[in-house]
Amino acid sequence: DGGITQSPKYLFRKEGQNVTLSCEQNLNHDAMYWYRQDPGQGLRLIYYSQIVNDFQKGDIAEGYSVSREKKESFPLTVTSAQKNPTAFYLCASSMLAPAVSYNEQFFGPGTRLTVL
Amino acid sequence: AQKVTQAQTEISVVEKEDVTLDCVYETRDTTYYLFWYKQPPSGELVFLIRRNSFDEQNEISGRYSWNFQKSTSSFNFTITASQVVDSAVYFCALSEAGDNNNDMRFGAGTRLTVKP
């Protein structure tokens, strides 16, 4: 089945450790995104990538890093520099829209990160 | 800057009641896109609908309907004859044309609880 997978579903880490969240898609989508969701808040964009080996910062990129070595994969590393990393992380993907059209983003099931 | 406001933090209804989720947006662009997503307890965001700013025609899909009014910058979502399975957090989102999918702004979400 086509879709987006994120692993693991739940992740626990000690404070000060880097942790990498996985995101894989087999939808042949060009663009991929990482969002952070905090309780009672909407989604905030961390990073996005439109093409392999290229990515751009979103609104809250500080303390995070990403890579896009393959079209299908867009892992997110939460570094020790992120001061409040406990949150729900959602990965999404989409086709790249032509100038007069728009393609919705499809989301993975998310990873809930808890830093102890 | 674009902004999405979902003033209703939580709504609770009894099964079979109709319920309307409000969404008000702000944008300076004349071309933009509006979305609704559903987030069930599992966490994954499910795409419900996309509208572009040139199409104010209301849409109905089964028990779901959407009322887009540019005059009031609103894109409200109504569920008719609600069911327990409708319980979820619903997000409204906005993206301005030309951003190529990169800048989707989400509201804070409305948590809908449908009681049997």
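Residues numbered from 1 in each chain as written. Chains lettered and ligands numbered in written order. Predicted model: local features only at pLDDT ≥ 70, side-chain atom pairs only at ≥ 80, totals over all residues. Heavy atoms only, no water.

Caption draft 1: Structural detail: the interface of chain B and chain A. Each partner contributes residues to the interface: chain B has 20 residues there, and chain A has 27 residues. Both sides of the chain B and chain A interface together cover about 2000 Å² of buried area, and 46% of this is carbon and sulfur. Linking chain B with chain A are 2 salt bridges, by the criterion used here. Between B:Arg105 and A:Asp59 there is a salt bridge whose closest N-O contact spans 2.6 Å. Between chain B and chain A we count 5 residue pairs in polar contact (both at pLDDT 80 or more) in total. For the side of chain B that touches chain A, the secondary structure elements donating two or more residues are strand 5 (32-39), strand 6 (46-52), strand 10 (88-96) and strand 11 (104-106) of chain B. When residues of the side of chain B that touches chain A are assigned to their parent elements, the largest contribution, 4 residues, is made by strand 5 of chain B. For the side of chain B that touches chain A, the per-class residue count stands at 9 nonpolar, 8 polar and 3 charged. (Contact = heavy atoms within 4.5 Å. Buried area = accessible area lost by both parts, 1.4 Å probe. Salt bridge = Lys/Arg side-chain N within 4 Å of Asp/Glu carboxyl O. Polar contact = N/O pair within 3.5 Å; in protein donor to acceptor, adjacent residues only side chain to side chain. Helix = DSSP H or I, 4+ residues; strand = E, 2+ residues; numbered from the N terminus. Nonpolar A, V, L, I, M, F, W, Y, C, P; charged D, E, K, R; others polar.)

Caption draft 2: Molecular detail of the state of the cysteines. One pass over the full model with this rule turns up 2 disulfides over all chains. There is a disulfide in this structure between A:Cys23 and A:Cys91, and the S-S distance comes to 1.8 Å. The sign of the S-S torsion, about -75°, decides the handedness of the disulfide formed by A:Cys23 and A:Cys91: left-handed. One end of the pair, A:Cys23, is in strand 3 (residues 19-25); the other, A:Cys91, is in strand 9 (residues 87-94), and 68 residues separate them in sequence. Per residue, the accessibility class of A:Cys23 equals that of A:Cys91, and both read buried. Across the disulfide from B:Cys23 sits B:Cys92; the S-S distance is 1.9 Å. Since a negative S-S torsion denotes a left-handed disulfide, the B:Cys23-B:Cys92 link at about -65° is left-handed. Linking B:Cys23 in the loop between strand 3 (19-21) and strand 4 (24-26) with B:Cys92 in strand 10, this pair joins segments that are 69 residues apart in sequence. Under the relative-accessibility criterion, B:Cys23 is labelled buried at 0%. With a relative accessible area of 0%, B:Cys92 lands in the buried category. (Disulfide = S-S within 2.5 Å. Buried < 20%, exposed > 50% of the residue type's maximum accessible area, 1.4 Å probe, protein only.)

Caption draft 3: Representation of unusual backbone geometry. All names here are of chain A. The step from Ser7 to Pro8 runs through a cis peptide bond, and the omega angle for that step is -10°. Here Pro8 shows up in the loop between strand 1 (4-7) and strand 2 (10-13). Although it is not a glycine, Asn28 sits at a positive phi angle of roughly 60°. Within the secondary structure, Asn28 sits in the loop between strand 3 and strand 4 (31-37). Phi angles above zero are rare outside glycine, and Asn53 is one such case at about 65°.

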